[in-house]
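If you want the building blocks of each chain, they are given just below.
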Number of protein chains: 2
Amino acid sequence: MKLTILGCYSATPRILTNPTSQVLEMRGNMFLIDCGEGTQVQLRKHKIKFSRIKHIFISHLHGDHFFGLVGVISTFRLLGREADLHIYGPKGIKEIITLQMKLADSWTNYNLIFHELTTTNSQCIFQDDKVEVHTIPLNHRVYTNGFLFKEKEGDRRLDINAANEANIDVAYYRKLKQGFDIINENGITIKNETVTKPAKKPKSYAFCSDTMYKEDIVPIIQNVDVLYHESTFLESQAHLTERTKHATAKEAATIAKKSNAGTLILGHYSTRYKDINDFKLEAEQVFDNVVLAKDGKVFNF
Amino acid sequence: MKLTILGCYSATPRILTNPTSQVLEMRGNMFLIDCGEGTQVQLRKHKIKFSRIKHIFISHLHGDHFFGLVGVISTFRLLGREADLHIYGPKGIKEIITLQMKLADSWTNYNLIFHELTTTNSQCIFQDDKVEVHTIPLNHRVYTNGFLFKEKEGDRRLDINAANEANIDVAYYRKLKQGFDIINENGITIKNETVTKPAKKPKSYAFCSDTMYKEDIVPIIQNVDVLYHESTFLESQAHLTERTKHATAKEAATIAKKSNAGTLILGHYSTRYKDINDFKLEAEQVFDNVVLAKDGKVFNF
C-alpha cells in the first residue's frame, strides 16, 4: 500500500503548496483521491502514469478538491486514452463535466463513467477481486464523503521449501493457496498448514476530508491501518470549526484514537499557520502515531 | 503598455510550461486575457495584484484557455474581494461558472458580471475614458474571439518650461492639455502649440488565439502596434491546420505583414517542437519584427 500526497493544503493553490489530491496504490489499483487545481501537473512531477489511473474519487464539490478534474479528463483525451475512466463523486459532478465538454465540443474518445453519490450511509461503491471501497459520510458545508479503501483477504502464502520437501507437484500450488489439503505423489495427505503460511493481513486506508469532528465515522473506520484526517485548524482556532465545518488536529487525533487506527496522517492545513509541525505536536497529545502530510511525500505501509 | 505572458503553450499544463494566459497593463487597467489551468499561481509568481484585475477576457471555451477561470473567481472570493469583476467570453461561460458555484454553495460576495459574446462581427465590448476593447472574430473549432485593446487619444502634453516662460498660471494647465489657447496674466494670448506637445500616439495590442489563418481580421487590426498571433505549428505540419483550425508561424507573420503591425509576438506552440526558435526563424522569412512569447516574459511597449 503506497500513498503519494500530491497536495494537502486547504483553500487555494499557491506557489509552493497544492490543494488536495493524492494517489493510493493498493493491490495493483491506482486510485486518485480528490483533484484540486494543478493535479495533472503534480501527477507529471511525481511520474505517475496517467494510464494507470482508472478510478477517481471526489469527496465534495469545493474547488480545492475538484477544480483539477476537468483538466485531468481533458488531458487524458488529448493523450489518446482508450481505457474506461470511472468518476465517483457527489451528484452534480456529471453535469459540471459534461457541460464543459459540450461547450468545448470536446467529448472524450474513452468511456467516462460517472457514479454519482447521494446516500448519507456508508456504502460499497467499488470492488474487484482484491479491493473494496466504501464511502464515509462526513459533515461539511456541502455533501461530502470520505473513502475507506480495504484490501480483501488474500490467498495463503506457499512455503516453497516445505512444499518441495513434501514432494508436491506444482499443479497443486493453487489449491494450497486457496487453503485446501492435498494428496502428494506418494499418496500421502498433506495438511495445508504444514506447507503454507497465513495470508498477509489485509490493509486499509481511510481518507476523511473535509469534515468537522464526527464521531459517527468511528465504527466505519474501526481498526483502520492508516487514517488521513483533515486538520484545518489548531485548537487555538477551534471556534472557527463550527462555521467552516472543519476539524482541529486534536479532533483528528481523537477520531484516530477512538477508531484504534494504526497511523494518523494529518493534512488540509490552513495556510494561516507558519509551522505545520504544531499540528503534529497537538495531535500527539491524544494519539501516538502521527505523521504530517506534505506535498510530494510518499508513504509506504 | 506592458504585457506579461503567464502561459503561452497549447493543449495541457506541464511541469515547465503553462497554457494560455496573459496580463495587459494599459493606461491604468490590468486586463487578464485567457485563463488556463494554473493561472492563479502564475499571477502569484509574477506578483500581479489580484485586486487590480477587474476585467477578464476569455477567447473560447477550450480548456487550455479557461480551465483556470473558476479557480481565479473562487480564490478572489476566499480573499475577501469586494470590487466588481467583469468576465467577457462566449455564451455558456456564465452557466459553467454559476453551476459550480451553486453546487459548491459558494457564491461570490463581490459582483460577478458576465458579458456573453455571440456576434461574429467585431464589436466594442468595453470602454472607459482611456481605453477601448473590441472583439476580433476568429476561425477555430468552436466560437472564438481575439481582442483588440486600443488606447484612446490622450491629452496634449504640457511643455512646463515654455509654460513658465510664457507666465501662465497653473490653473490654466488643464485647458492647455485639452488644446485650448489661453490668455496669460499680462493679457497676451498664448497659442496652444507654443507651450504644449502633441499627445503620445495611442498604442494598441491585438490578441489572436486560437485561430487558423483568417485574412478577414486584417482590416480590424490594421496598423496595430503589437500583434500576438498563435503559431501552433511550423509550415512542416501545415497539413494539420485545417483539421485543428490552428495557424503556422508563417501564416501568423503573413497576417502581421498585411496588417502593418509594429511587432509580432508568436505563441501557443505545440509541445511537439523542441526548439521554439524555429518559429521565429520561419516567421522572419515574411515579417521583420518577430519576438517569441515565453512563460514569465514581460514586454514593455
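Counting restarts for each chain: residues are numbered from 1 in the order of the written sequence. Whichever chain is written first becomes A and whichever ligand is written first becomes 1, with later ones labelled in order. Local features in a predicted model are, by the rule used here, given only for residues with pLDDT of at least 70; side-chain atom pairs are given and counted only at 80 or more, and totals for whole chains, interfaces and linings are based on all residues. Calculated side-chain values reflect all of the structure's heavy atoms, with hydrogen atoms and water omitted.

## Overview of the relation of the copies chain B and chain A
Copies overlap after least-squares fitting; the atoms used are the C-alpha atoms of residues with pLDDT of at least 70 in both. Superposition record for chain B on chain A: RMSD 0.1 Å, screw rotation 180°, translation along axis 0.1 Å. The transformation relating the two chain copies, once decomposed into turn and shift, fits a two-fold axis. Of every C-alpha in chain B, the one belonging to glycine 38 of chain B sits nearest the axis of rotation, 3.1 Å from it.

## Some points on the pairing of strand β2 (residues 21-26) of chain B
On any regular strand, side chains alternate: one points to one face of the sheet, the next to the other face. Residue and element names in this part refer to chain B. Categorising residues by exposure relies on relative accessible area from a 1.4 Å probe, with only protein chains included: less than 20% of the type maximum marks a residue as buried, more than 50% marks it as exposed, and the intermediate range marks it as partly exposed. Secondary structure follows DSSP: runs of H or I at least 4 residues long count as helices, runs of E at least 2 residues long count as strands, and numbering of each begins at the N terminus. Summarising burial for β2: five of the six residues are buried, a large majority. By the bridge criterion, five bridges tie strand β1 (residues 2-7) to β2 in an arrangement that is antiparallel. Bridge assignment links glycine 7 to a residue of β2, and that residue is serine 21. A pair of strands is considered paired only if DSSP assigns at least 2 bridges between the two. Strand direction decides the pairing type here: β2 and strand β3 (residues 29-33), joined by five bridges, are antiparallel. Bridging across to β3, leucine 24 finds its partner in phenylalanine 31. Linkage of β2 to β3, two consecutive antiparallel strands, is achieved through a turn of two residues, within which arginine 27 is found at a positive phi near 45°.

## Topic: the packing of helix α3 (residues 69-78) of chain A against helix α4 (residues 93-103) of chain A
All names here are of chain A. A fitted line through C-alpha atoms represents every axis, and for helices the fit uses only the stretch in contact; the resulting angles, taken between N-to-C directions, go from 0 to 180 degrees. α4 packs onto α3 with a crossing angle of 50° between their chain directions and a minimal axis gap of 11 Å. Between α3 and α4, the interaxial angle falls into the category oblique. In this structure, α3 meets α4 at a crossing whose hand is right-handed. Facing α3, whose interface residues are Leu69, Val70 and Ile73, α4 presents Ile93, Ile97, Gln100 and Met101. In this classification, the charged set is Asp, Glu, Lys and Arg, the nonpolar set is Ala, Val, Leu, Ile, Met, Phe, Trp, Tyr, Cys and Pro, and all remaining amino acids, among them Gly, are polar. Residues of the contact of α3 with α4, tallied by class, amount to six nonpolar, one polar and no charged. Any angle between 65 and 115 degrees counts as roughly perpendicular, while under 35 counts as roughly parallel, over 145 as roughly antiparallel, and the rest as oblique. A clockwise turn of the near helix away from the far one marks a right-handed crossing, whereas an anticlockwise turn of less than a right angle marks a left-handed crossing. Contacts between residues were defined by any pair of non-hydrogen atoms, one from each residue, lying within 4.5 Å.

## What about the pattern of salt bridges?
A side-chain nitrogen of Lys or Arg and a carboxyl oxygen of Asp or Glu constitute a salt bridge if their distance falls within 4 Å. As enumerated under the stated definition, the model contains 14 salt bridges over all chains in all. Here lysine 2 of chain A and glutamate 25 of chain A are joined by a salt bridge, their closest N and O atoms 3.8 Å apart. Here the residue lysine 2 of chain A occupies a position in strand β1 (residues 2-7), and glutamate 25 of chain A occupies one in strand β2 (residues 21-26), the gap between them amounting to 23 residues. Taking the relative accessible area as the measure of exposure, lysine 2 of chain A reaches 32% and is therefore partly exposed. In this structure, the salt-bridge partner of arginine 52 of chain B is glutamate 25 of chain B, at a minimum N-O distance of 3.6 Å.

## Let's talk about the interface of chain B and chain A
With 33 residues of chain B at the contact, the number on the chain A side is 33 residues. Two parts placed together each lose some accessible area; with a 1.4 Å probe, that loss summed over both constitutes the buried area. The three residues of chain B that bury the most area against chain A are Glu37, Phe67 and Leu103 of chain B, which together make up 20% of that side's buried surface. Counting every contact that joins chain B to chain A gives zero salt bridges. N or O atoms within 3.5 Å of each other form a polar contact, as long as, within protein, one can give a hydrogen and the other can take it, and as long as residues adjacent in sequence are counted only when both atoms are side-chain atoms. Put simply, chain B and chain A have eight residue pairs in polar contact (both at pLDDT 80 or more) between them. Breaking the side of chain B that touches chain A down by element, the ones donating at least two residues are α1 (39-45), α3 (69-78) and α4 (93-103) of chain B. Looking at side-chain class alone, the side of chain B that touches chain A contains 14 nonpolar, twelve polar and seven charged residues.

## Side note on the UniProt feature "binding site: Zn(2+) 2" (unreviewed entry) in chain A
Residue and element names in this part refer to chain A. UniProt positions are given in the numbering used here, feature names are shortened, and annotations may be inferred rather than shown by experiment. In the numbering used here, UniProt assigns the "binding site: Zn(2+) 2" (unreviewed entry) feature to Asp64, His65, Asp210 and His268. These annotated residues cover 205 residues of sequence, and their C-alpha atoms all fall within 10.4 Å of one another, placing them together at a single site. Relative to the elements of secondary structure, histidine 65 occurs in helix α2 (residues 63-66). Beyond its immediate sequence surroundings of up to four residues, histidine 65 is in contact with Thr20, Asp34, Cys35, Gly36, Ile58, Ser59, His60, Ser209, Asp210 and His268. Here histidine 268 lies in the loop between β16 (263-267) and α11 (277-284). The class for histidine 268 is buried, based on a relative accessible area of 1%. Reaching out from histidine 268, the side chain makes a polar contact with the side chain of aspartate 64 at a distance of 3.4 Å.

## Concerning a negative patch on the surface
Here, patches come from residues exposed beyond 30% relative accessible area and free of salt bridges, joined within 9 Å for like charges and within 5 Å for nonpolar side chains (Val, Leu, Ile, Met, Phe, Trp, Tyr). Only the protein chains shown count as cover for residues, and all accessible areas are computed by the Shrake-Rupley method using a 1.4 Å probe. Positive residues here are Lys and Arg, negative ones are Asp and Glu, while His and the chain termini are left out of the count. Here the site of a charge means NZ on Lys, CZ on Arg, CG on Asp, or CD on Glu. Taken together, the side chains of Glu95 and Glu116 of chain A together with Glu95 and Glu116 of chain B make up a negatively charged region of the molecular surface. Within the secondary structure, glutamate 116 of chain A sits in strand β6 (residues 112-117).

## Some details on the environment of threonine 194 of chain A
All names here are of chain A. Positionally, threonine 194 belongs in helix α7 (residues 192-195). Between the C-alpha atom of threonine 194 and that of histidine 239, which follows or precedes it by 45 residues, the distance is 59 Å. At 2.6 Å, the side chain of threonine 194 and the backbone oxygen of lysine 191 are in polar contact.

## Focus: unusual backbone geometry
The omega angle of the peptide bond from serine 209 of chain A to aspartate 210 of chain A is 0°, so this bond is cis rather than trans. Position of aspartate 210 of chain A relative to the elements: it lies in the loop between β14 (204-208) and α8 (218-221). The phi angle at asparagine 223 of chain A is positive, at roughly 65°, despite the residue not being glycine. Asparagine 223 of chain A gets classed as partly exposed once you look at its relative accessible area, which sits at 45%. In this structure, alanine 11 of chain B takes a positive phi of about 75° despite not being glycine. Tracing the backbone through its elements, the reader meets alanine 11 of chain B in the loop between β1 and β2.

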